[in-house]
Amino acid sequence: MPLFRFHDPAAPAASEITPRALWLRRREWLATTALAGGALGAWASRDALAATPGPGRLAKLPAERSTVAGAMVEDRLTRYADVTGYNNFYEFGTDKTDPARLAHTLKPRPWTLTIEGEVRRTRTFDLDELLKLAPMEERIYRLRCVEGWSMVIPWVGFSLAALLKQVEPKGNAKFVEFVSLADPTQMPDVRSSVQDWVRDNNSIGRRPAVSPGVLDWPYREGLRLDEAMHPLTLLAFGLYGEVLPNQNGAPLRLVVPWKYGFKSAKSIVRIRLLEKQPVSSWERANAREYGFYSNVNPTVDHPRWSQASERRIGEDGLFSKKRPTLMFNGYEAQVASLYAGMDLRRFY
Amino acid sequence: MNRWLLHPWAKPLLWLLLAAPLAWLTWAAWQDQLGANPAEALLRSLGDWTLRMLCLTLAISPLRDWTGASGWLRLRRNLGVATFIYATLHWLAYAWFDQGLDLPALWADVTKRPFILVGTAAWLAMVPLAATSFNAAIRWLGGRAWKDLHKVTYALGPLALLHFFWMRAGKQDFLEVALYALVIGALLGWRRFKPQG
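Residues numbered from 1 in each chain as written. Chains lettered and ligands numbered in written order. Predicted model: local features only at pLDDT ≥ 70, side-chain atom pairs only at ≥ 80, totals over all residues. Heavy atoms only, no water.

As annotated in an unreviewed UniProt entry, chain B is Protein-methionine-sulfoxide reductase heme-binding subunit MsrQ from Vitreoscilla filiformis. What the UniProt record of chain B gives under Sequence similarities (unreviewed entry) is the line "Belongs to the MsrQ family." UniProt, in its Subunit (unreviewed entry) section for chain B, records the words "Heterodimer of a catalytic subunit (MsrP) and a heme-binding subunit (MsrQ)." (UniProt positions renumbered as here; feature names shortened; annotations may be inferred.)

Right, dumping it as structure tokens:
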């Protein structure tokens, strides 16, 4: 945004924008209109399926509006250019403009996802199977980065629970670990530690040694099983009605909207159900600053900055105050019960 | 070399060069060229330029020795003032964009967080140096006292590095910190171990 806010002549006037509540009910409205005639009805139902329109750069990914409680926030969407141009994806570099610049080398097809560990049926899915596993939903989530900025993103995907049910978790499965792709031929910042990881993982349960790099690859994240099964926990395949751009974690990623962004692993190739709590990449790199839970919490500061407020990308002016951060990123009504009785200062 | 350094246009030209990053940043902010998070881009860029200006200031004495041109010394105070200006803008950007110029919040943040405290301390240490950067101040203080006071500059390098290191520590991304440490280490080390002429 510029130093001062000017009126953008290209932007529609406030009076031209459909009130958000009405817009969110557009399917009902279209359905009503559809009664007018059969031909119109066909047109309307097709439109009802279309998610928030993207810029038409990538393949379309049609979706239904989600009915999961809390899945459609009414905040203004962050621009597609900002959602795709300002990313943390350290496999492609540590600067937030690196992923958009360098992620073109990632090959999102063919892709397989293996689910293993404490499950009755270990399975490897291919991307097309996954895409057909459950109906695609559009969900508009807030995304809050641990660094103090936030976005509002229309994701496309379905609840992770739909996938986990396919492999039938065993009774002793308590945690879920997500492992991202770590291929140095596709990801410039993934180096030698991959070989170490492969070696170390031949003996299950042994922790790989910490590498001297920024993070040890592959990127790992983890959730408690009940967090992973929560309906808001999204397995995302797209955003803005189109498939995921590489820099946003193509072809599939996790989105856990009440946790800091880094908990939502990108470009996932492996999911493991575990009895014991896994150690995430950021936890291993710096446990004091990045805890396992990492729930968005304005009352628990990061050691080097306050988490009480955030800057909404593309919206807050340079000289305007940052907006207050909401408990559990505003999803308190949906997820607070998961943490009842827990000391969130200790389990940050 | 001295002929160029003592040329009447040397100083105006130097100031043009020193102001160029600031002019670029102002233009970029105006034109919305600072990316998705302009506040962060400005804050970091001003910090980077503070560090670069400090390195240039510290490079003057070695440059004089290597080139044998004493004219370099006329430029040193200008570079010091430029360092102070970038440091001030860097701190103001933090206070304004990050803390919304909320004084109690600022005080709490500065006292709570070591990396902000060290950065702020380094900036405060520059205030007396900038305040005595004009010719009359040298006369008032006397050359000796002035010189001793301005030795504080040597402490700014390590303080700035510590501030930068702590800022990057959480992200384990130390390449740039290491590069600046090398440069500042070399510039300060040269003073300690330079061949006595």
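Caption draft 1: Quick peek at helix α2 (residues 10-30) of chain B. With 21 residues, α2(B) should cover 30 Å at 1.5 Å per step; its first-to-last C-alpha distance of 30 Å lies within 8% of that length. Roughly 40° is the biggest bend found in α2(B), and it falls at A20(B), with proline P21(B) one to four residues downstream. (Helix = DSSP H or I, 4+ residues; strand = E, 2+ residues; numbered from the N terminus. Expected span 1.5 Å × (residues − 1). Bend = angle between axes of the 7 residues up to and from the residue.)

Caption draft 2: Structural detail: empty space enclosed by the protein. All names here are of chain A. What the rule picks out here adds up to two cavities of 30 Å³ or more. Taken as a whole, the largest cavity encloses approximately 380 Å³ of empty space. Residue lining of the largest cavity: 27 residues in total, with N88, F89, G261, F262 and K266 positioned closest to the centre. Examining the composition of the lining of the largest cavity, we find that four residues originate from one element, strand β5 (residues 149-159), more than from any other. Grouping the constituent residues of the lining of the largest cavity by class yields 17 nonpolar, six polar and four charged. (1 Å grid on protein atoms, 1.4 Å probe; cavity = no way out; pocket = protein on both sides within 12 Å on 5 of 7 lines; lining within 4 Å. Points joined across faces, edges and corners; volume = space filled by probe spheres on them. Nonpolar A, V, L, I, M, F, W, Y, C, P; charged D, E, K, R; others polar.)

Caption draft 3: Examining the pattern of salt bridges more closely. Residues and elements named next belong to chain A. Tallied over the entire structure, the rule returns 31 salt bridges over all chains. Between K263 and E221 there is a salt bridge, and its shortest N-O distance comes to 2.7 Å. Residue K263 is found in the loop between β10 (253-255) and β11 (268-274), and its partner E221 is found in strand β7 (residues 220-224); the two are separated by 42 residues along the sequence. Here the two residues K263 and E221 agree in accessibility, since each one is buried. (Salt bridge = Lys/Arg side-chain N within 4 Å of Asp/Glu carboxyl O. Buried < 20%, exposed > 50% of the residue type's maximum accessible area, 1.4 Å probe, protein only.)

Caption draft 4: Geometry of the interface of chain B and chain A. Listed by partner, the interface residues are 26 residues for chain B and 31 residues for chain A. Between chain B and chain A the total buried area reaches about 2,500 Å² when both faces are included, carbon and sulfur atoms providing 52% of it. Linking chain B with chain A are five salt bridges, by the criterion used here. Of the charged contacts in the structure, one is a salt bridge between R113(B) and D301(A), with a shortest N-O distance of 3.1 Å. (Contact = heavy atoms within 4.5 Å. Buried area = accessible area lost by both parts, 1.4 Å probe.)

Caption draft 5: Representation of the UniProt feature "transmembrane region" (unreviewed entry) in chain B within the structure. Residues and elements named next belong to chain B. Mapped onto this structure's residue numbering, the UniProt feature "transmembrane region" (unreviewed entry) falls at residues 12-30, 50-67, 79-97, 117-140 and 174-190. Across residues 12-30, helical content stands at 100% and strand content at 0%; the span's end C-alpha atoms are separated by 25 Å. Helix makes up 100% of residues 79-97 and strand 0%, and the two end C-alpha atoms of the span are 26 Å apart.

Caption draft 6: Quick peek at the pairing of β5(A). A large share of β5(A) lies buried, amounting to 11 of its 11 residues. Linkage of strand β4 (residues 137-144) of chain A to β5(A), two consecutive antiparallel strands, is achieved through a turn of four residues, within which G148(A) is found at a positive phi near 105°. (Pairing = 2+ DSSP bridges.)

Caption draft 7: Up close: the nonpolar core. Core analysis: the biggest nonpolar cluster contains 88 residues, and W155(A) and I271(A) have the highest contact counts within it. If you tally residues by element for this core, the top one is β5(A), at seven residues. Ignoring any residue separated from it by four or fewer positions in sequence, one finds W155(A) in contact with E137(A), E138(A), R139(A), Y141(A), L143(A), L234(A), A236(A), G238(A), L239(A), L244(A), R253(A) and V255(A). Ranked by size, the runner-up nonpolar core spans 49 residues in total, among them L34(B), A95(B), F97(B) and M126(B). (Core = buried A, V, L, I, M, F, W, Y, C linked by side-chain atoms within 4.5 Å.)

Caption draft 8: Up close: the packing of aromatic side chains. For the structure on display, the rule yields 21 aromatic pairs over all chains. Aromatic rings pair up to connect F175(A), F292(A), Y293(A), F328(A), Y339(A) and F347(A) into one cluster. Taking the ring centre of W49(B) as reference, the NZ or CZ of R52(B) above it sits at 4.5 Å. (Phe/Tyr/Trp six-rings, centres within 6.5 Å; stacked < 30°, edge-to-face > 60°. Lys NZ or Arg CZ within 6 Å of the ring centre and 35° of its normal.)

Caption draft 9: Quick peek at the UniProt feature "domain: Ferric oxidoreductase" (unreviewed entry) in chain B. As recorded in UniProt, the feature "domain: Ferric oxidoreductase" (unreviewed entry) lies at residues 48-156 of chain B. Taken end to end, residues 48-156 of chain B is 82% helix and 0% strand, and its first and last C-alpha atoms sit 14 Å apart.

Caption draft 10: Inspection of the pairing of strand β12 (residues 309-312) of chain A at higher detail. Looking at chain direction, β5(A) and β12(A) are connected through two bridges and run parallel. Paired with W149(A) across the strands is R311(A), a residue of β12(A).

Caption draft 11: Inspection of the packing of helix α3 (residues 38-67) of chain B against helix α9 (residues 153-169) of chain B at higher detail. Residue and element names in this part refer to chain B. Two elements in contact, α3 and α9, have axes separated by 11 Å at closest approach and are oriented at 150°. Classified by the interaxial angle, the pair formed by α3 and α9 is roughly antiparallel. Along this stretch, α3 crosses α9, giving a crossing that reads as left-handed. Contacts between α3 and α9 involve R44, D48, L51, L54 and L58 from the first element and T153, Y154, L156, G157, A160, F164 and M167 from the second. Of the residues contributing to the contact of α3 with α9, the split by class is eight nonpolar, two polar and two charged. (Axes fitted to C-alpha atoms, helices over the stretch in contact; angles between N-to-C directions. Parallel < 35°, antiparallel > 145°, perpendicular 65-115°, else oblique. Left-handed = near helix turned anticlockwise from the far one by under 90°.)

Caption draft 12: Seen up close, the confidence of the model for chain B. Per-residue confidence for chain B gives a mean pLDDT of 94; residues scoring 70 or more make up 98%. Interface predicted TM-score (ipTM) for the complex: 0.83; the corresponding pTM is 0.83. (pLDDT = per-residue confidence, 0-100.)

Caption draft 13: Broad picture of the packing of α2(B) against α3(B). Residues and elements named next belong to chain B. One can describe the packing of α2 onto α3 by two numbers: an axis separation of 11 Å at closest approach and a directional angle of 175°. As the angle between them shows, α2 and α3 are arranged roughly antiparallel. Seen from α2, the contacting residues are L18, P21, L22, L25 and A29; seen from α3, they are L42, S45, L46, W49 and M53. When the residues that make up the contact of α2 with α3 are grouped by side-chain class, the tally is nine nonpolar, one polar and no charged.

Caption draft 14: Structural view of the side chain of E242(A). All names here are of chain A. Positionally, E242 belongs in strand β9 (residues 242-243). Despite being buried, E242 has no salt bridge partner; K60 is the closest side chain of opposite charge, sitting 6.1 Å away. Here G56 takes part through its backbone nitrogen, which lies 2.5 Å from a polar atom of the side chain of E242. When residues no more than four places from it in sequence are discounted, the contact partners of E242 are G54, P55, G56, R57, L58, A59, K60, L61, Y80 and F237. (Lys, Arg positive; Asp, Glu negative; His and termini not counted. Polar contact = N/O pair within 3.5 Å; in protein donor to acceptor, adjacent residues only side chain to side chain.)

Caption draft 15: Spotlight on the environment of A308(A). Residue and element names in this part refer to chain A. Inspection of the secondary structure puts A308 in the loop between α10 (281-285) and β12. The exposure class assigned to A308 is partly exposed, which follows from its relative accessible area of 34%. Taking C-alpha positions, A308 is 22 Å from L77, a pair spaced 231 residues apart along the chain. Discounting chain neighbours no more than four positions away, the residues touching A308 are P298, R323, P324 and T325.

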